[in-house]
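# Tertiary structure, described
As a plain string of letters, each chain reads:
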Amino acid sequence: VLFEPAAAWYSFLVNKYGKNPKVKVFHFGLGLNSGNYKLYTAGINGDGNNIYTPSTCFEEITIVKLSSFLDQNRFPRVDLIEFNCEGSEYEIIEELFYSNHLNIFQSIQIQFHKIPNFEKLRQRAYEQLSVTHRRKWYFKNIFECWELKK
């Protein structure tokens, strides 16, 4: 399951995975609240885009509340979900925790970004993930993987 709100990256993912029946690509991002947002461009080739740091260069995107998406689509199990959400990962993990959806994900790969108050937010996310998952591997400030407890 892939979620990508940026048009160029969405097209890239569809071209790469569109014919694979085990991969679903959706043209929206995930967040705490559904709605339309500005995705501000930062860095070379749009690396580090986010909805938190205003700039003059942006594109309009759609964000969907993840728990609502899961309730509507009723995935019994998801083998892998990866979060590289440029700061939204903290609220997404919290939403999954409180909506009791964490346990459908066998493996969660996540990159925690440095946003204001990120140490406290990351610690809370670790506590929430630890209820249902255990950390399988960790590359500091790059990516980590959480695996569903047996």
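Residues numbered from 1 in each chain as written. Predicted model: local features only at pLDDT ≥ 70, side-chain atom pairs only at ≥ 80, totals over all residues. Heavy atoms only, no water.

Moving on: the sheet that holds strand 3 (residues 29–31). In any sheet, the strands associate via hydrogen bonds between backbone groups, in a parallel or an antiparallel arrangement. Strand order in the open sheet made by the three strands is 3-5-4, with mixed pairing throughout. The outermost strands of the open sheet, each flanked by one partner alone, are strand 3 and strand 4 (35–40). Looking at each pair of strands side by side, their axes are set apart by 50° on average, direction ignored. As paired elements, strand 3 and strand 5 (residues 58–65) share three bridges and run parallel to each other. What sits directly across from Leu30, in strand 5, is Val64. Helix-sheet contacts for helix 2 (residues 66–73) involve strand 3 and strand 5, and the interaxial angle to strand 5 is about 55°. (Pairing = 2+ DSSP bridges. Helix = DSSP H or I, 4+ residues; strand = E, 2+ residues; numbered from the N terminus. Axes fitted to C-alpha atoms, helices over the stretch in contact; angles between N-to-C directions. Contact = heavy atoms within 4.5 Å.)

Turning our eyes to something else, we now look at the pattern of salt bridges. Per the counting criterion, the structure on display carries six salt bridges. Each of Arg134, Lys136 and Glu147 takes part in salt bridges that share partners, so that together they form one network. (Salt bridge = Lys/Arg side-chain N within 4 Å of Asp/Glu carboxyl O.)

With 30 residues, the main nonpolar core has Phe3, Leu66, Phe69, Phe83 and Ile108 as its most contacted residues. For this core, the elements supplying multiple residues, two or more each, are helix 2, strand 6 (78–83), helix 3 (89–98), strand 7 (105–110) and helix 4 (118–132). Here this core takes five residues from helix 4, the largest share from any one element. Those residues in contact with Leu66 that lie beyond four places of it in its chain are Phe3, Leu30, Gly31, Phe83, Ile92 and Leu96. (Core = buried A, V, L, I, M, F, W, Y, C linked by side-chain atoms within 4.5 Å. Buried < 20%, exposed > 50% of the residue type's maximum accessible area, 1.4 Å probe, protein only.)

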